[in-house]
Amino acid sequence: MTELTNPFETLTKVQFQQGEELPDPEYIRKDLLAFPSGESLPRCWLDSHYRDDEVYRH
C-alpha cells in the first residue's frame, strides 16, 4: 500500500490472480492501474508535483 500511495514511486508490486495458483508478484507502472469501478488512481498518488500550482500562486 505504501508504494501505491507514494507519488515518488512510479512502480508498484501487484499479484494477478489467475486460476488456483498465484503467480509471482511483479512490478508494473502505477499509471496503468485503475480501481475496479474504472476510476483512475488519485493524482496525488501518481504526481509528486500535483499541488505546485497552488503553492507557487501565493
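One can find the structure itself at the top, above this paragraph.
Scoring rules and cut-offs
Residues numbered from 1 in each chain as written. Predicted model: local features only at pLDDT ≥ 70, side-chain atom pairs only at ≥ 80, totals over all residues. Heavy atoms only, no water. Helix = DSSP H or I, 4+ residues; strand = E, 2+ residues; numbered from the N terminus. Rg over C-alpha atoms; globule rule 2.2 N^0.38 Å. Buried < 20%, exposed > 50% of the residue type's maximum accessible area, 1.4 Å probe, protein only. Contact = heavy atoms within 4.5 Å. Areas by Shrake-Rupley, 256 points an atom, 1.4 Å probe, with all protein chains shown as cover. Lys, Arg positive; Asp, Glu negative; His and termini not counted. Charge placed at Lys NZ, Arg CZ, Asp CG, Glu CD. Salt bridge = Lys/Arg side-chain N within 4 Å of Asp/Glu carboxyl O.

Asker: Just checking my understanding: could you explain the overall build of the chain for this structure?
Answerer: A tally of regular secondary structure across the chain gives three helices and two strands. Counting from the amino terminus, the chain carries its helices and strands in the arrangement α-β-β-α-α. On C-alpha atoms alone, the chain measures out to a radius of gyration of 15 Å, which is more than a quarter above the 10 Å that the 2.2 N^0.38 rule sets for 58 residues. Out of the 58 residues belonging to the chain, those deemed buried represent 12%. The long-range fraction of contacts in the chain, counting pairs at least 24 apart against all pairs at least 6 apart in sequence, stands at 29%. Total accessible area on the chain stands at roughly 5,200 Å², and carbon and sulfur atoms take up 50% of it. Side-chain charges in the chain split into 6 positive and 12 negative, and the spacing between the mean points of these groups amounts to 10 Å.

Asker: Please explain the pattern of salt bridges as it appears in this structure.
Answerer: When their charged atoms lie close together, side chains carrying opposite charge are able to pair. Under the definition given, this model contains two salt bridges. Between Arg29 and Asp31 there is a salt bridge, with its nearest N and O atoms 3.0 Å apart. We classify Arg29 as partly exposed; its relative accessible area is 43%. Of the charged contacts in the structure, one is a salt bridge between Asp47 and Arg43, with a shortest N-O distance of 3.3 Å. Take Asp47: its relative accessible area is 25%, and that puts it in the partly exposed class.

Asker: When you look at the environment of Thr12 in this model, what are you seeing that I'm missing?
Answerer: Examined against the element boundaries, Thr12 turns out to sit in strand 1 (residues 11-14). Along the sequence, Thr12 and Ser37 sit 25 residues apart, while their C-alpha atoms lie 20 Å from each other.

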